[in-house]
Amino acid sequence: MATLEITICIGSSCHLKGSRDVIKIFERLIAFHCLEDKVTLKGSFCMGECSKNGVCICVGEERFNVTPSQAESFFNCEIVPRIKELSKAEVGT
């Protein structure tokens, strides 16, 4: 079963920008949507996006910058559709 890998920066700059809150929001949403077996949530130290607004989040190979206030809408708009695509691809194989 394929999983979507999400890496959240927990380096000092992103920590100050709210990475702990983003992680908690993602964990809550993953549980709410029953996606524990479809998402791998990881932490990483500095991902080189310190000068940008928000916490650096890598979804697959794509990077985003997300503030805690944007985390839920980001999850619903970026993560949920990608998981649905992964599920469709698995059914099609």
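Right, let's get into the overall build of the chain. The helix and strand tally for the chain stands at three helices and four strands. Going from N to C terminus, the chain has its helices and strands arranged as β-α-α-β-β-β-α. The C-alpha atoms of the chain give 13 Å as radius of gyration, which agrees with the globular expectation for 93 residues (12 Å, within 12%). Dimensions of the chain, computed from the C-alpha atoms along their principal axes, are close to 40 × 25 × 20 Å. Within the chain, the fraction of its 93 residues that count as buried is 34%. Excluding contacts between residues fewer than 6 apart, the proportion of contacts in the chain whose partners are at least 24 apart in sequence is 68%. Summed over all atoms, the accessible surface of the chain reaches about 5,600 Å², with 55% contributed by carbon and sulfur.

Turning our eyes to something else, we now look at the nonpolar core. Counting 26 residues, the largest nonpolar core has I6, F26, I57, F74, F75 and I79 as the members making the most contacts within it. Breaking this core down by element, the ones donating at least two residues are β1 (4-9), α2 (19-32), β3 (55-59), β4 (62-66) and α3 (71-92). Of the residues forming this core, the biggest block, six residues, is contributed by α3. The contacts of I6, once residues within four sequence positions are left out, are F26, V39, T40, L41, K42, I57, C58 and I79.

Our next topic: the sheet that holds β4. Pairing within the open sheet is mixed, and its four strands lie in the order β2-β1-β3-β4. Every interior strand has two partners, whereas the edge strands, β2 (39-44) and β4, have only one. Between one strand axis and the next, the sheet turns by 25° as a mean value, whatever way the strands run. Each of β1, β2, β3 and β4 is contacted by α2, which is oriented at about 155° to β1, the strand it contacts most.

Time to look at the environment of S87. With respect to the helices, strands and loops of the structure, S87 is situated in helix α3. Take S87: its relative accessible area is 24%, and that puts it in the partly exposed class. Put simply, S87 and T3 are 84 residues apart on the chain and 9.2 Å apart in space, counted from C-alpha to C-alpha.

A full pass over the atoms with the stated rule returns three aromatic pairs. A ring pair is formed by F26 and F74, whose centres lie 6.2 Å apart and whose planes are at 5°; its orientation type is stacked. Within this pair, whereas F26 is found in helix α2, its partner F74 is found in helix α3, the two being separated by 48 residues in sequence. Both residues of the pair, F26 and F74, belong to the buried class. Aromatic pair F64 and F74: ring centres 5.0 Å apart, planes at 65°, arrangement edge-to-face.

Reading the values: rules and limits
Residues numbered from 1 in each chain as written. Predicted model: local features only at pLDDT ≥ 70, side-chain atom pairs only at ≥ 80, totals over all residues. Heavy atoms only, no water. Helix = DSSP H or I, 4+ residues; strand = E, 2+ residues; numbered from the N terminus. Rg over C-alpha atoms; globule rule 2.2 N^0.38 Å. Buried < 20%, exposed > 50% of the residue type's maximum accessible area, 1.4 Å probe, protein only. Contact = heavy atoms within 4.5 Å. Areas by Shrake-Rupley, 256 points an atom, 1.4 Å probe, with all protein chains shown as cover. Core = buried A, V, L, I, M, F, W, Y, C linked by side-chain atoms within 4.5 Å. Pairing = 2+ DSSP bridges. Axes fitted to C-alpha atoms, helices over the stretch in contact; angles between N-to-C directions. Phe/Tyr/Trp six-rings, centres within 6.5 Å; stacked < 30°, edge-to-face > 60°.

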